[in-house]
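Chain by chain, the residues:
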Amino acid sequence: MTRFARLLAVALSCGCGAAAAHSFGTVYNLPVPFWMYAYGAAGALLVSFVVVGYFVNVKAADVGVRTYPLGASRGLFEALTGARSRAIARGVSVFFLVLTIVTGLFGARNAFTNFNMTFFWIIFVLGFTYLTALIGDVWSAVNPWLVLCEWIERVKPDAFRARRPYPPWLGYYPALALYMAFIWCELFGGTQPRSLSFVLLAYTAINFAGAALVGKEAWFRHGEFLGVFLRIIAMIAPLEKRDGRIVLRQPFMGLVRHDAREFSELLFILFMLSSTAFDGIRETLPWVQIFWRDIYPLLAPLGSGMKQPYLFLVNFYYYWQWLSLVLSPFFYLAIYLFFIWLTRIITGSTLTVRALALKFAYSLVPIAFVYNVTHYYTLIVSQGFTIVRLVSDPFGFGWNLFGTSDWLRTPVILDAGTVWHTQVWLILFGHIVSVYLAHIVALRVFPTSRRAILSQLPMLVLMVVFTTLGLWILSLPIASGAVIQPPPAS
């Protein structure tokens with residue numbers, strides 16, 4: 001959760017529930033012991049595995065991935081996606097990017113009254129992600145940085161012509177690196193209105209430079225991380241644009257129509273999962289104690305002879321946190337590859353571990369998505385509506401442009417027990433969907449249904465591990481602060 005989100009939630013007294021408890025230091029007592037939730041979730045996954053294995057065969061899987069025309073609604077959707085609507089949407093996208101930057105540079109320094117913080121972190125980063133999961137890949141059409149590139153090309157046609165071809169070995173690593181930098185800014189950057197504007201200006205410059213170097217198409221396919229992220233999320237949506245038409249499909253089925261083609265793509269998906277899990281655990285008491293109890297004593301000799309060694313050594317706490325964030329997808333990768341290796345051994349597959357890992361990569365996306373929703377949906381409910389007031393006074397100057405500056409001032413307070421149980425059900429739902437998708441992939445990869453079911457035994461254990469880990473993180477109390485005092489010298 002962003003530092004701004006925590007401050008905003010405290011100011012409005014809206015934070016509650018397990019997710020909010022992680023942010024504000026409140027210990028939330030579970031309605032029943034944690035082990036009951038863990039056993040119940042594991043049992044539900046086992047039952048879902050048996051049901052899927054018994055009822056879902058190749059024919060059923062093929063039916064699941066079919067698409068259906070929208071019939072009477074077709075004209076409406078085609079009108080919404082027509083040339084005029086597309087042009088308006090693209091213009092609106094650029095307008096909001098510019099407004100976000102300008103309000104941060106010239107508006108109030110107060111994060112609670114400046115439009116850019118709430119709009120970017122709450123409405124765009126969270127709200128637009130969830131909207132994409134409902135309606136599909138809108139971002140590829142309205143991406144403001146891509147739109148700006150195309151507008152520039154009208155004046156200078158060769159501005160974003162590739163100066164050198166995009167190296168195939170580079171894959172999605174530029175997007176992954178930018179994604180990591182973005183999460184670092186979110187968790188550790190302490191962004192305020194002005195600094196957020198500078199970040200967006202820097203990201204604009206990076207996109208222009210990347211598009212000018214390797215070409216607009218290649219860069220926005222592999223390098224612009226928001227495009228990669230939202231393109232993956234869009235595969236969840238029940239709507240898809242195919243052959244110039246909008247078609248309806250079963251939710252999440254877009255994920256089984258694609259294999260990850262690059263190892264970097266697998267790492268990107270794993271970072272979608274690990275970054276949210278890291279955000280949930282990074283300030284919990286057990287995690288903080290790992291450094292001060294186990295790592296700090298090893299570093300203590302570095303501060304010997306200093307008047308205030310703690311002030312020097314405390315920096316290593318932050319370095320350790322940053323390194324843990326960067327290494328988090330590799331931790332998940334090691335776990336994932338181990339279970340994929342078990343799958344290969346059990347089935348006697350001739351495919352390599354790498355090939356199998358890429359084929360099952362997209363089955364992890366539902367887990368990553370529900371982790372995101374679980375940790376952050378309370379912000380949409382409690383903080384998102386403040387945008388209604390901020391649009392009337394985007395700079396925080398006391399304006400009332402649309403007469404809404406006094407609207408919705410009463411905060412939405414969520415019941416802690418309701419939040420926790422919603423989180424449990426969301427996590428369980430995401431893992432059950434992943435079990436289902438992995439089984440569909442297995443039916444295509446392995447020659448017989450028996451081998452497909454055998455292949456999913458390690459994957460079932462993996463899902464149980466991920467489910468238990470997710471619930472455990474949600475149940476943890478946080479430390480009294482991000483940094484605690486070191487143990488007393490012996």
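Just so we're clear, the structure is a prediction, and the values are computed from it rather than from any experiment.

**A closer look at the overall build of the chain**
Okay, so step 1: Regarding its fold elements, the chain presents 21 helices and three strands.
Okay, so step 2: Sorting the 490 residues of the chain into buried and exposed places 52% on the buried side.
Okay, so step 3: Contacts spanning at least 24 positions in sequence make up 79% of the contacts within the chain whose residues lie at least 6 apart.
Okay, so step 4: Counting every atom, the chain has about 22300 Å² of accessible surface; 68% of that belongs to carbon and sulfur.

**Some words on the confidence of the model for the chain**
In low-pLDDT segments, the atomic positions of the prediction should not be examined closely.
Okay, so step 1: Taken residue by residue, the chain gives an average pLDDT of 82. The fraction at 70 or more is 82%.
Okay, so step 2: Here residues 1-29 is modelled with pLDDT under 50, and outside its nearest four sequence neighbours on either side it reaches 79 contacts, counting other chains as well.

**Structural notes on the nonpolar core**
Okay, so step 1: Phe-225, Phe-268, Tyr-336, Phe-360 and Phe-466 are the most contacted members of the largest nonpolar core, which totals 126 residues.
Okay, so step 2: No other element matches the 13 residues that helix α20 (residues 416-445) contributes to this core.
Okay, so step 3: Excluding its chain neighbours within four sequence positions, the residues that come into contact with Phe-268 are Ala-175, Leu-176, Tyr-179, Phe-225, Val-228, Phe-229 and Ile-232.
Okay, so step 4: Listed in part, the five residues of the second largest apolar core include Leu-99, Phe-115, Ile-387 and Leu-390.

**Some remarks on a nonpolar patch on the surface**
Okay, so step 1: A cluster of nonpolar side chains, contributed by Val-391, Phe-397, Trp-399, Leu-401 and Phe-402, occupies part of the molecular surface with about 520 Å² of accessible area.
Okay, so step 2: Mapping Trp-399 onto the fold places it in the loop between α19 (387-390) and α20.
Okay, so step 3: Looking at Trp-399, the relative accessible area reads 36%, which means it is partly exposed.

**Considering the environment of Val-326**
Okay, so step 1: Residue placement: Val-326 occurs in helix α16 (residues 309-347).
Okay, so step 2: The class of Val-326 is partly exposed, set by a relative accessible area of 36%.
Okay, so step 3: Here the alpha-carbon distance between Val-326 and Ile-183, two residues 143 residues apart in the chain, equals 9.7 Å.

**Some words on helix α14 (residues 263-281)**
Okay, so step 1: If you check α14, its first and last C-alpha atoms are 26 Å apart, about what 19 residues at 1.5 Å a residue would give, namely 27 Å.
Okay, so step 2: Extensive coverage of α14 is indicated by the burial of 18 of its 19 residues.

**Concerning helix α13 (residues 225-234)**
Okay, so step 1: Among the 10 residues in α13, 10 count as buried, and that is most of the element.
Okay, so step 2: Here α13 has its buried residues at Phe-225, Leu-226, Gly-227, Val-228, Phe-229, Leu-230, Arg-231, Ile-232, Ile-233 and Ala-234.
Okay, so step 3: Here α13 starts with a cap whose side-chain oxygen sits 3.0 Å from the backbone nitrogen of Leu-226, and that cap is Glu-224.

**Description of unusual backbone geometry**
Okay, so step 1: You will see that Phe-252, though not glycine, has its phi angle at about 75 degrees, which is positive.
Okay, so step 2: With respect to the helices and strands, Phe-252 occurs in the loop between β3 (245-249) and α14.

**Section: the pattern of salt bridges**
Okay, so step 1: Under the criterion given, the structure shown has eight salt bridges.
Okay, so step 2: Note that Glu-240 and Arg-249 form a salt bridge whose closest N and O atoms lie 3.0 Å from each other. Take Glu-240 and Arg-249: they sit in the same class, and that class is buried.
Okay, so step 3: The salt bridge involving Arg-282 is made with Asp-279; its shortest N-O contact spans 3.1 Å.

**Remarks on the packing of aromatic side chains**
Okay, so step 1: Under the counting rule described, the total for this entry stands at 43 aromatic pairs.
Okay, so step 2: Judged by centre distance (5.4 Å) and plane angle (80 degrees), the ring pair of Phe-291 and Tyr-317 falls under edge-to-face. You can see Phe-291 sitting in helix α15 (residues 285-299) and its partner Tyr-317 sitting in helix α16, a full 26 residues away along the chain. When sorted by exposure, Phe-291 lands in the same class as Tyr-317, which is buried.
Okay, so step 3: For the pair Trp-292 and Tyr-317, a centre-to-centre distance of 5.7 Å together with 15 degrees between the ring planes defines the contact as stacked. Linking Trp-292 in helix α15 with Tyr-317 in helix α16, this pair joins segments that are 25 residues apart in sequence. Grouping residues by exposure puts Trp-292 and Tyr-317 together as buried.
Okay, so step 4: The ring of Phe-188 carries the charged tip of Arg-282 above its face, separated from the ring centre by 5.3 Å.

Cut-offs and rules
Residues numbered from 1 in each chain as written. Predicted model: local features only at pLDDT ≥ 70, side-chain atom pairs only at ≥ 80, totals over all residues. Heavy atoms only, no water. Helix = DSSP H or I, 4+ residues; strand = E, 2+ residues; numbered from the N terminus. Buried < 20%, exposed > 50% of the residue type's maximum accessible area, 1.4 Å probe, protein only. Contact = heavy atoms within 4.5 Å. Areas by Shrake-Rupley, 256 points an atom, 1.4 Å probe, with all protein chains shown as cover. pLDDT = per-residue confidence, 0-100. Core = buried A, V, L, I, M, F, W, Y, C linked by side-chain atoms within 4.5 Å. Patch = residues over 30% accessible without salt bridge, like charges linked within 9 Å, V, L, I, M, F, W, Y side chains within 5 Å. Salt bridge = Lys/Arg side-chain N within 4 Å of Asp/Glu carboxyl O. Expected span 1.5 Å × (residues − 1). Polar contact = N/O pair within 3.5 Å; in protein donor to acceptor, adjacent residues only side chain to side chain. Phe/Tyr/Trp six-rings, centres within 6.5 Å; stacked < 30°, edge-to-face > 60°. Lys NZ or Arg CZ within 6 Å of the ring centre and 35° of its normal.

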